[in-house]
Every structure is written in C-alpha cells, then in structure tokens.
Amino acid sequence: MDTLEGKRNFTRILVHLILILVSITMLTPFLWMILTAFKTTTEATSVNPFVILPSRWRTDAFSAVITYMDFGRLYWNTILMIFFRVLLAVVTASTAGYAFARLRFPGKEIFFSLVLFQMMVPSQIFIIPQYLMVAKLHKLNTIFALVFPGMVTAFGTFLLRQGFKSLPRDLEEAARLDGCNIGQTFLYVMMPLTRSSMVALGIFTSVFAFKDLFWPMIVNTDKNMLVLSSALAKMQGQYVSKFPELMAASLIACVPMIVLYVLFQKQFIEGIATSGGKL
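As the structure is a prediction and not an experimental result, all values here were calculated from the model. (Residues numbered from 1 in each chain as written. Predicted model: local features only at pLDDT ≥ 70, side-chain atom pairs only at ≥ 80, totals over all residues. Heavy atoms only, no water.)

Caption draft 1: Up close: helix H5 (residues 108-120). Along its 13 residues, H5 runs 19 Å from first to last C-alpha, staying within 8% of the 18 Å computed at 1.5 Å per residue. Within H5 the residues assigned to the buried category are Lys-108, Phe-112 and Val-115. Angular distribution of buried residues about the axis of H5 spans 50°; they occupy a single face of the element. Across H5 from its buried face, at more than 90 degrees, point the exposed residues Glu-109, Ile-110, Leu-114, Phe-117 and Met-120. (Helix = DSSP H or I, 4+ residues; strand = E, 2+ residues; numbered from the N terminus. Expected span 1.5 Å × (residues − 1). Buried < 20%, exposed > 50% of the residue type's maximum accessible area, 1.4 Å probe, protein only. Arc of directions from axis to C-beta.)

Structure follows, in structure tokens:
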C-alpha cells in the first residue's frame, strides 16, 4: 500500500515539475520583453549571454513611445475591430451552428462539408479576393475593412454546432409544445444553454483579431486607421531597430489581452471544457 502511494506521489511530483518547466518556457519570451523594455539599446543588442537584467531600470523607452505613438487612437481602432468581429462572429456562428445541428434542409451535409473545407484551407488564400471585395465597396482605410474577414467564421460555426448538438432534443420538443417557433426556441431556450461556448468563441475571436497583422497592413495605410499590431510592425526598421522602445510598445499593447483574460478566464476554461473538448 505504501509502495502504491509512493508511486502516486512520485508521479504527481513529476507531472508538476514538467508543468513548471513548460510554464517557464512559455513565460520566458514575455519576461524577456519586460526586461528589454527597461534596458538601453546597447544592453538589448549585447551578445553577452549574461546580460539579462538591465544595469539600471530605465523608463526612457516608455516615455519615447508614449510621446510619438498615439496609443489612444490605436487602442480605439483595435477595440472597435475586436468588438465588431466578436459581435458578428457570435451572431453568424450561433445561427449557422444551430441550423447545422438542429434543422433539416436540403444540402445540409454538403454545406457543412464546405465549412469544414474552409477550415482546412490557409486563410492567406482568401486575402486577394477579400481585398478586391473591400476595394470594390470603396471601404479601404475604414473600420469595416478591418472587420470584414471576421464577419463569418468557419471555426466558430463548427464550435457552436458542437455546442448545440450536445444539448438534448427534449428541450426543443418542450419548447414547441409551449408554442415556440424555431426563432423563439433558438433565442430563449438554446442560446442561453450554449453561453459558455459563445464566450469561448468571443475570446478566441478577440485573440485572433488582436494578433492579425497581415490584413490590417494591407487594407489600412492611413496612419489614423492603424491598429496596435500594424503600428508595432512599422516600428521595425530595415537596418536598425530600437528594441527597448519596440518592447515597451509591445508591453503596452498587451494590456487589453491581459485584462480580457483576467476578466473572462473562468468562462474561457468552461467554454473549452464543455465545447472545445468535442472538437
């Protein structure tokens, strides 16, 4: 008995050590970014592997980027892009997911196969058609251009379909007996029960939108319509880069995502546990 308990304790300790090592590996780039933001350019580009901590903690890089970068406008453009992408993605994915999971209509399997096919295709393939569509609509350098690729999401449709499909069919039958039509059943019965999946989709969409770099740099060339990702990319010089300022700006840009995770980490984990595990 003692031998069995000892093996369990050893396994538990080993698992915890592995998780700690993995966590350190994942946190190292973030910690390096923080340390670099307080260094001088000479210290940041030093080839000496032992120059880890700054010789003196400086805030010059933060003062510089706050002075010449309009973070208020960058935050506003980024927040608008994330908000509308999340709103439209949740609306379209929930309605499409409900239709694929619960309704019967001709060509249902074919259409859902097309959704799965889109998930397998690299998103870069759609860049040129999407750009031409936005250009034909005369919406370049607008918030609409930033939101356009995220209005419909194949991943979200699949995620919400799995969430609706996991619910018992008795709920719909009870709603129909109470006089609810398809729309009322969807709005008042099924949607509230898949709230965790929608929150998870919203967080995923927020992260994807925040990290999106290629598309914002293509459709928005006006400096007043830049988002955080494209503004940070423009700080990277061809020959010389001021790494402390770049890391300071990156640290400031990370604040929204950190706040988002702190506020919604419970819903995020719940959404992954209830729906993401069925992917």
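Caption draft 2: Expanded view of the packing of helix H4 (residues 71-102) against helix H11 (residues 195-211). For the pair H4 and H11, interaxial distance at closest approach is 9 Å and the crossing angle is 140°. Classified by the angle between their axes, H4 and H11 sit oblique to one another. Taken as a pair, H4 and H11 cross one another with a handedness that is right-handed. Residues Thr-78, Met-81, Ile-82, Arg-85, Val-86, Ala-89, Val-90, Ala-93 and Ser-94 of H4 form the contact with H11, whose own contacting residues are Met-198, Leu-201, Gly-202, Thr-205, Ser-206, Ala-209 and Phe-210. (Axes fitted to C-alpha atoms, helices over the stretch in contact; angles between N-to-C directions. Parallel < 35°, antiparallel > 145°, perpendicular 65-115°, else oblique. Left-handed = near helix turned anticlockwise from the far one by under 90°. Contact = heavy atoms within 4.5 Å.)

Caption draft 3: Main features of the side chain of Gln-130. Assignment of secondary structure puts Gln-130 in helix H6 (residues 127-136). Given a relative accessible area of 18%, Gln-130 falls into the buried group. Excluding residues that lie within four positions of it along the chain, Gln-130 makes contacts with Phe-148, Pro-149 and Trp-215.

Caption draft 4: Summary view of the pattern of salt bridges. Inspection of the entire model under this criterion finds five salt bridges. Between Glu-43 and Arg-58 there is a salt bridge, with its nearest N and O atoms 3.9 Å apart. Remark: Arg-58 occurs in the loop between helix H2 (41-44) and helix H3 (60-68) and Glu-43 occurs in helix H2; sequence separation between them is 15 residues. No difference in accessibility class separates Glu-43 from Arg-58, as the two residues are buried. What you see here is one network of salt bridges that share partners, running through Arg-102, Arg-169 and Glu-172. (Salt bridge = Lys/Arg side-chain N within 4 Å of Asp/Glu carboxyl O.)

Caption draft 5: Structural view of the nonpolar core. Residues Val-65, Met-69, Phe-71 and Phe-164 are the most contacted members of the largest nonpolar core, which totals 52 residues. Tallying contributions element by element places H4 first for this core, with 10 residues. Look past the residues within four positions of Phe-71 in its chain and what remains in contact with it is Val-65, Ile-66, Leu-228, Ala-249 and Ile-252. (Core = buried A, V, L, I, M, F, W, Y, C linked by side-chain atoms within 4.5 Å.)

Caption draft 6: Summary view of the packing of H4 against helix H8 (residues 154-165). Look at H4 against H8: their axes get within 7 Å of each other, and the N-to-C directions meet at 50°. In terms of axis orientation, H4 runs oblique to H8. At the point where H4 passes H8, the crossing takes the right-handed sense. Residues Ala-93, Ser-94, Ala-96, Gly-97, Tyr-98, Phe-100, Ala-101 and Arg-102 of H4 form the contact with H8, whose own contacting residues are Gly-156, Thr-157, Leu-160, Arg-161, Phe-164 and Lys-165. Looking at the contact of H4 with H8 residue by residue, the class counts come to seven nonpolar, four polar and three charged. (Nonpolar A, V, L, I, M, F, W, Y, C, P; charged D, E, K, R; others polar.)

Caption draft 7: Structural context of the confidence of the model for the protein chain. Per-residue confidence for the protein chain averages 84 on the pLDDT scale, and 92% of its residues sit at or above 70. The lowest-confidence element of the protein chain is helix H15 (residues 255-274), averaging 71 in pLDDT; the highest-confidence one is helix H7 (residues 143-147), averaging 92. (pLDDT = per-residue confidence, 0-100.)

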